[in-house]
Amino acid sequence: MKLSSALFLASIATASAFAPSPVNPRTASSLNVVLNKVTGQSPLDPSVIDKYDKLTFPDGKILAEYVWVDAEGNTRSKTRTLTPDKAEAVENLPKWNFDGSSTGQAPGDDSEVILRPCAIYKDPFRPRADGLANILVMCDTWTPSGEALETNSRAYAVKAFEGHDDEVVWFGMEQEFTLFNLDERTPLGWPQGGMPSRPQGPYYCSVGPENSFGRHVTDALYKACLYAGLEISGTNGEVMPGQQEYQVGPCVGIDAGDQLMMSRYILQRVCEDFQVYCTLHPKPIVEGDWNGAGMHTNVSTKAMREDGGIEVIKTAIYKLGAKHSEHIAMYGTGNELRLTGKFETASMDEFTFGVANRGASVRIGRDTEADGKGYFEDRRPSSNCDPYLVSGKIMDTIMEDVDVPVITPLNKDEA
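Here's what I pulled together on the structure shown here.

Pairing is possible between side chains of opposite charge, provided their charged atoms come close. In total, this model carries 15 salt bridges according to the counting rule given. Salt bridges linked by common partners bring Glu65, Asp123 and Arg126 together as one network.

Right, dumping it as structure tokens:
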């Protein structure tokens, strides 16, 4: 089957990656009686696990964890044994397959989906001391006849980047997420069935047990991503208690989507170890004055980084404004709960931009304005957005040779 834009966008519009129903904490306590979960994982004896972790790997064999994106935008994976030479280049890795009827990606009577390796990273969950490395393999999904699945958003992004290698486009993606207890109702640091005693304010980039919740999870994620070879560039606690952020990039072209998606896989694996639930829903708490979660996306082409690049940036922003509704449709589910014009967001009903303005759809930083070159930040993507779709759509739009209306900045006197 061919990569039909209409069918593809329809499948994305219904995606719900990491997206539980938004929580009203005042009613959560009565639901906990019904929804309380016992996973059977927390009591596992670390000494028992350690016994198996100490086993050495045999010579001439490595483990390869093949990771892909399912129909809902979540990552899935399975493991196979390979010889070390296969890991020397992604072209050496064999294709594999899985049962697409179990992931919503194929019918039961023709369920085989092909995994095509796209990128290799070191496996931080299976380290070894013999000079070899077990690997994580980012894959995309194809039919046996060689056509991209409708849910293969990477194929869409690859097409958007084709012919633009000379632009050397950089993406920096800021992934926000929220950590919950295993009841999936109570964010870390929140009282069960209630709300924090203090409003948001003291939790952003905070320290102290009364302010910071989930630092060990984020630190573990940071180290695991560095070990894997991802371009993770920072972390911080976010505005709502229990909310965290990390940044990936700058990465060039399609590599941004690969690395961001693999970082989400690593995040989920780290949360397994800590036995906490992670959601990428853009507004997991809908009652009260609490920030949502996004994936702000920073963009810079070669021309934007050269002298006079500020005019190239503004032209790109005008093009984004002309296709605002198209971008919103591809920027994640549940975003209407977040993009309200409050809590450091712009309204999704209107496109705006400004210098240093976090209430705008797109922001130009002070340094970029002062230097006359640099990058812009698209603040519209939701935390559960598809990074392949976001980067591909931005590339499609800003590379178009079209005339578009000039947009007046929000902070007119400063832009």
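Before going further, it helps to examine the nonpolar core. By size, the foremost hydrophobic cluster in this structure holds 70 residues, and its most contacted members are Met138, Met262, Ile266 and Phe376. With 9 residues, the single largest contributor to this core is helix α6 (residues 254-274).

With that settled, the discussion passes to the pairing of strand β4 (residues 112-122). Note that strand β3 (residues 96-99) and β4 share 4 bridges and pair antiparallel. Paired with Trp96 across the bridge in β4 is Leu115.

Considering the arrangement of structural elements, one finds Arg264 in helix α6. Separated by 189 residues in sequence, Arg264 and Thr75 place their C-alpha atoms 7.6 Å apart. Excluding residues within four positions of it along the chain, Arg264 makes contact with Gln175, Tyr246, Leu280, Met295, Ser383, Asn384, Cys385 and Pro387.

Pairing between the strands of a sheet comes from backbone hydrogen bonds, and it takes one of two forms, parallel or antiparallel. Ordered in space as β2-β1-β5-β4-β3, the 5 strands form an open sheet in which the pairing is mixed. Of all strands in the sheet, those with a lone pairing partner are β2 (75-82) and β3, marking the two edges. The sheet shows a mean angle of 40° between the axes of neighbouring strands, taken without regard to direction. Examined bridge by bridge, strand β1 (residues 62-69) and β2 share 8 bridges and lie antiparallel to one another.

In this section: helix α4 (residues 153-161). With 7 of 9 residues buried, α4 lies mostly within the body of the structure. For α4, every residue scored as buried is listed here: Ser153, Arg154, Ala155, Tyr156, Ala157, Ala160 and Phe161. Gly163 lies just past α4 and shows a positive phi near 85°.

Basis of the calculations
- Residues numbered from 1 in each chain as written.
- Predicted model: local features only at pLDDT ≥ 70, side-chain atom pairs only at ≥ 80, totals over all residues.
- Heavy atoms only, no water.
- Salt bridge = Lys/Arg side-chain N within 4 Å of Asp/Glu carboxyl O.
- Core = buried A, V, L, I, M, F, W, Y, C linked by side-chain atoms within 4.5 Å.
- Buried < 20%, exposed > 50% of the residue type's maximum accessible area, 1.4 Å probe, protein only.
- Helix = DSSP H or I, 4+ residues; strand = E, 2+ residues; numbered from the N terminus.
- Pairing = 2+ DSSP bridges.
- Contact = heavy atoms within 4.5 Å.
- Axes fitted to C-alpha atoms, helices over the stretch in contact; angles between N-to-C directions.

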